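Okay, here's what each chain looks like letter by letter:
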Amino acid sequence: MSTHDSHTLHITPLAPVHIGTGETYEPTQYVIDEAGVLHEFDTGAVMAALDERDRRHLLAIAQGRPGPEMIKSLQRFFHERRERLIPVGINRIPTLPGFAALHASRIGQAANVESGGRQVLNQLEIQRCAYHAATRKPVLYGSSLKGALRTALLDRENNGRRPFEKKGLHELQGRLFRYRDPECGRQQLERDSMRLVQLGDALWQGPADWPAADVRLAVNRKKAPVRDRHGREIPAMAENLAQFLECVSAFQTRAFRATLNLQRVEAAGASGNLPARELRYSLRQLADACNAFYRPRLTAEIQLMQTRGYVAAAWVDAIDQLIALVKPRIEAGDVFLLRVGRHSGAESVTLNGARRIRIMKGKGQPADEADAARTLWLAAGERDQRADLLPFGWVLVEATPGAADAPAWPALEALCEPWRAEARAFAEREASQRAERAAILARRQAEAATARQQAEQAAARAVAEAERRATLTPNLRRVEDFRQAMAQRAEELRGGKDRQNTQYHQLAQQLARDARESADWTAAEKRAVADAITEWLPRVVDRIDKEALKKLRLAALRGDA
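Small disclaimer: the values here were computed from a predicted structure and weren't measured. Starting from 1, residues in each chain are numbered consecutively following that chain's sequence as written. Per-residue local features of the predicted model are confined to residues with pLDDT of at least 70, and side-chain atom pairs are confined, for both listing and counting, to 80 or more; whole-chain, interface and lining totals are unaffected and use all residues. Heavy atoms from the whole structure form the basis of all side-chain values; hydrogens and water molecules are not counted.

Caption draft 1: Structural detail: unusual backbone geometry. A positive phi angle is found at Asn159, which is not glycine, with a value near 55°. Helix and strand definitions follow DSSP, with helices as H or I runs of at least four residues and strands as E runs of at least two, each counted in order from the N terminus. With respect to the helices and strands, the residue Asn159 is situated in the loop between helix H6 (142-158) and helix H7 (169-176). Of note in this structure, His343 is not a glycine but carries a positive phi near 60°. Take His343: it is sitting in the loop between strand E17 (335-339) and strand E18 (357-359).

Caption draft 2: Representation of the nonpolar core in the model. Residues enter a nonpolar core if they are buried and are Ala, Val, Leu, Ile, Met, Phe, Trp, Tyr or Cys, with the set joined through side-chain atoms within 4.5 Å. Buried, partly exposed and exposed residues are distinguished by accessible area as a fraction of the type maximum, computed with a 1.4 Å probe on protein chains only: under 20%, between the cut-offs, and over 50%, respectively. Among the nonpolar cores identified, the biggest contains 99 residues, and Leu140, Tyr294, Trp315 and Leu338 are the most heavily contacted of them. Among the elements that make up this core, the one with the highest residue count is helix H9 (residues 283-308) (ten residues). Here, two residues are considered to be in contact whenever any of their heavy atoms come within 4.5 Å of each other. For Trp315, the residues in contact, after removing those within four places along its chain, are Leu14, Ala15, Phe251, Leu298, Ile302, Met305, Leu390, Pro391 and Trp419. Core analysis: the next-biggest nonpolar cluster, separate from the first, contains 24 residues, Ala512, Leu537, Ile544 and Leu554 among them.

Caption draft 3: Broad picture of the packing of aromatic side chains. Here is the rule: rings of Phe, Tyr and Trp (six-membered ring for Trp) pair when centre to centre is within 6.5 Å. Planes less than 30 degrees apart are stacked, more than 60 are edge-to-face, and the remainder are tilted. Within this structure, the stated rule accounts for seven aromatic pairs. Summarising the aromatic geometry, the rings of Phe41 and Phe78 are spaced 6.0 Å apart at their centres and angled 35° between planes, so their arrangement reads as tilted. Placement of the pair is Phe41 in the loop between strand E4 (37-40) and helix H1 (43-49) and Phe78 in helix H3 (residues 68-80), with a sequence separation of 37 residues. Just as Phe41 is buried, Phe78 falls in that class too. Geometrically, a charge over a ring is one whose NZ (Lys) or CZ (Arg) sits within 6 Å of the ring centre while staying within 35 degrees of the ring normal. The ring of Tyr131 is capped by Arg128, whose NZ or CZ atom sits 3.9 Å from the centre of that ring. Sitting over the ring of Trp536, Arg539 keeps its end group 4.2 Å from the ring centre.

Caption draft 4: Summary view of the sheet that holds strand E3 (residues 30-32). Note on pairing: two strands pair once DSSP finds at least 2 bridges between them. Taken together, three strands build an open sheet; the order of strands is E3-E4-E5 and the sheet is antiparallel. Looking at strand neighbours, the two that pair on one side only are E3 and strand E5 (91-94), the edges of this open sheet. The mean angle between the axes of side-by-side strands here comes to 20°, regardless of whether they run parallel or antiparallel. Strand direction decides the pairing type here: E3 and E4, joined by three bridges, are antiparallel. Paired with Val31 across the bridge in E4 is His39. Under this scheme, a helix contributes an axis fitted over its contacting stretch, all axes are lines through C-alpha atoms, and angles between N-to-C directions fall in the 0 to 180 degree range.

Caption draft 5: Representation of the layout of surface pockets. Roughly 730 Å³ of internal volume is contained in the largest pocket. Taken together, 31 residues line the largest pocket, and the ones lying closest to its centre are Leu96, Asp214, Arg216, Trp419 and Glu422. Mapped onto the lining of the largest pocket, the elements with two or more residues apiece are helix H5 (97-106), strand E12 (213-222), strand E20 (375-380) and helix H12 (421-471). Counting residues per element, the lining of the largest pocket draws most heavily on H12, at five residues. In this count, Pro and Cys sit with the nonpolar residues alongside Ala, Val, Leu, Ile, Met, Phe, Trp and Tyr, while Asp, Glu, Lys and Arg are called charged and the others, Gly among them, polar. Classifying every residue of the lining of the largest pocket gives 17 nonpolar, seven polar and seven charged. A pocket, in this scheme, is an open set of points on a 1 Å grid over the protein atoms alone with protein on both sides within 12 Å along at least 5 of 7 lines, while a cavity is a set where a 1.4 Å probe fits but cannot get out; residues line either one if an atom lies within 4 Å of a point. Grid points are joined across faces, edges and corners, and a volume is the space filled by probe spheres set on the points.

Caption draft 6: Molecular detail of the pattern of salt bridges. Just to be clear on terms, a salt bridge is a Lys or Arg side-chain nitrogen sitting within 4 Å of an Asp or Glu carboxyl oxygen. Per the counting criterion, the structure on display carries 34 salt bridges. Between Asp192 and Arg150 there is a salt bridge, with the nearest N and O atoms lying 2.9 Å from each other. Linking Asp192 in the loop between H7 and strand E10 (197-199) with Arg150 in helix H6, this pair joins segments that are 42 residues apart in sequence. Residues Arg558 and Asp531 are paired through a salt bridge, measuring 3.3 Å at the closest nitrogen-oxygen approach. Here Asp531 lies in helix H15 (residues 523-540) and Arg558 lies in helix H17 (residues 554-558), a separation of 27 residues in the sequence. Judged by relative accessible area, which is 30%, Arg558 ranks as partly exposed. Each of Arg254, Arg329, Asp334 and Glu398 takes part in one network of salt bridges that share partners.

Caption draft 7: How the structure looks around the pairing of E4. Neither face of E4 is exposed, since Val37 and His39 on one face and Leu38 and Glu40 on the opposite face are all buried. Hairpin connection, E3 to E4: the antiparallel pair is bridged by four residues, and Gly36 has positive phi, about 85°. Both E4 and E5 contribute to a ladder of four bridges, which runs antiparallel. Considered in E5, the bridge of Val37 is made with Pro94.

Caption draft 8: Seen up close, the packing of helix H13 (residues 474-493) against H15. Orientation of H13 relative to H15, taken along the N-to-C sense of each, is 5°, at an axis distance of 10 Å. In this view, H13 runs roughly parallel relative to H15, as classed from their interaxial angle. Note on element contacts: H15 touches H13 through Glu525, Ala528, Val529, Asp531, Ala532, Ile533, Glu535, Trp536, Leu537 and Val540, opposite Asn475, Leu476, Val479, Phe482, Arg483, Met486, Ala487, Arg489, Ala490 and Leu493. Grouping the constituent residues of the contact of H13 with H15 by class yields 14 nonpolar, one polar and five charged. By definition in this entry, angles of less than 35 degrees are roughly parallel, angles greater than 145 are roughly antiparallel, angles of 65 to 115 are roughly perpendicular, and the rest are oblique.

Caption draft 9: Looking closely at H15. For H15, with 18 residues, the first-to-last C-alpha span of 26 Å sits near the 26 Å given by 1.5 Å per residue. Bend, at a single residue, is the angle you get between axes fitted to the 7 residues ending at that residue and the 7 residues starting at it. If you look at H15, its biggest bend is around 25°, right at Ile533. Taken together, the buried positions of H15 are Glu525, Val529, Ala530, Ala532, Ile533, Trp536, Leu537 and Val540. Contact partners of the buried residues in H15: H13, helix H14 (503-517), helix H16 (546-550) and H17. In a helix, the anticipated span is given by 1.5 Å times the number of residues less one.

Everything listed is a geometric property; what it means functionally is a separate question.
This is the structure:
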């Protein structure tokens, strides 16, 4: 007999979802192209993509004095070299036009300068969502999903009652799930109902080449209008707040899949400290609790957003169609709503009747407590956007027995399809550009291989030259130094010539004089001087004819006079 009921959960995001990890895309880890696509790269790829001059420039910036100027210089450095960095990207994410424009206006700039001269830098970090390290696709953590289930089940047990506990959430949960001993107050966590609920991470199941996420702004909007003394509605100060978030995109049909196991302790013959029998939940009880808790929240939030004119009408229409579509399956108990991730709203993570939400006020003022939050965090494309916004965190969950695939549901596919058009277009553009980027990388790799080969050959020549020079006498090494100096000067002049009696003419005169007048020059060494001057002086100095060479008495060096 099986000791657990196993189910597969097929999850369709209905709104942008951000489950964070504390990681961010730093401005030195990504660039944004003209189409608004974010290209993530790693530091190793950066060094390989840059040429030697840029690598030296980057090193010079990094070795500078830490502070705002260094950060701004680094931001500008990567932004200005985005064309070189784009082909080595390891991940690509679409952004909304408003974010791309905001990023371009802020990169490498100070947001403001305080009265003391301290620069306040623009924060261009993007909070990234949880992701799978190998695929770089988003993950919905099982702990987040399980937390949302727990909230709904606790609300079911509380049934809207006002709690009497003075120490808050832990005591309340212990009482509702009956794992806290009321006599001594000790918590027996082995009796916690959620101990029998095992839920794995939900992994991406959509097309591998599709963008699973995009970058949005999270903006703060008041639930009730703020008015001036004349009764006119004005933006609240909090509405200046905005965050950059990577979010799972809405209406991606069955984009995630997770495994849910419900332990059956009776079948396992377990005994001892166990959750109360009536708190050992079935799938149907889980689904009913989630729908009872989250569906009214969704309805209330939509009504509020419509009243304030915030919400995108197309999204509301899609949700209305979805609710009508899933109603039979909700009643059957194999489909339910959840709300997960950041900015899910205080009402979606607290219990009906038991809410005590802290309302922060101005600096130095004590916080208030209320049974509802006063603001909404909504997904936007522009910082000052006040309409066509979306809420965060809503997902639809379908459950199938065991490891079974979800049955075909053409109506759900049709409902989601218009919302997938941009992702499809993005994937098609990426496919067409992939070959171009691969060609660029192949060309760079070939150039790098050629450069390495040339460097190796130059190093081998340098070694051979050093070995050859080691066999020369000091006088012949001086002749070699003269040849090299004249060759370098000829290259610098690029066909031009120096005037007579300037530096290089005088260098030849001095060498010829020393070879003639010093007793330690052999006949062979003197001939080498004459040959070197004859070969190189006319190339570097103007009007060096036979008469000019004759003045250097080269014939005497050759032993002809």
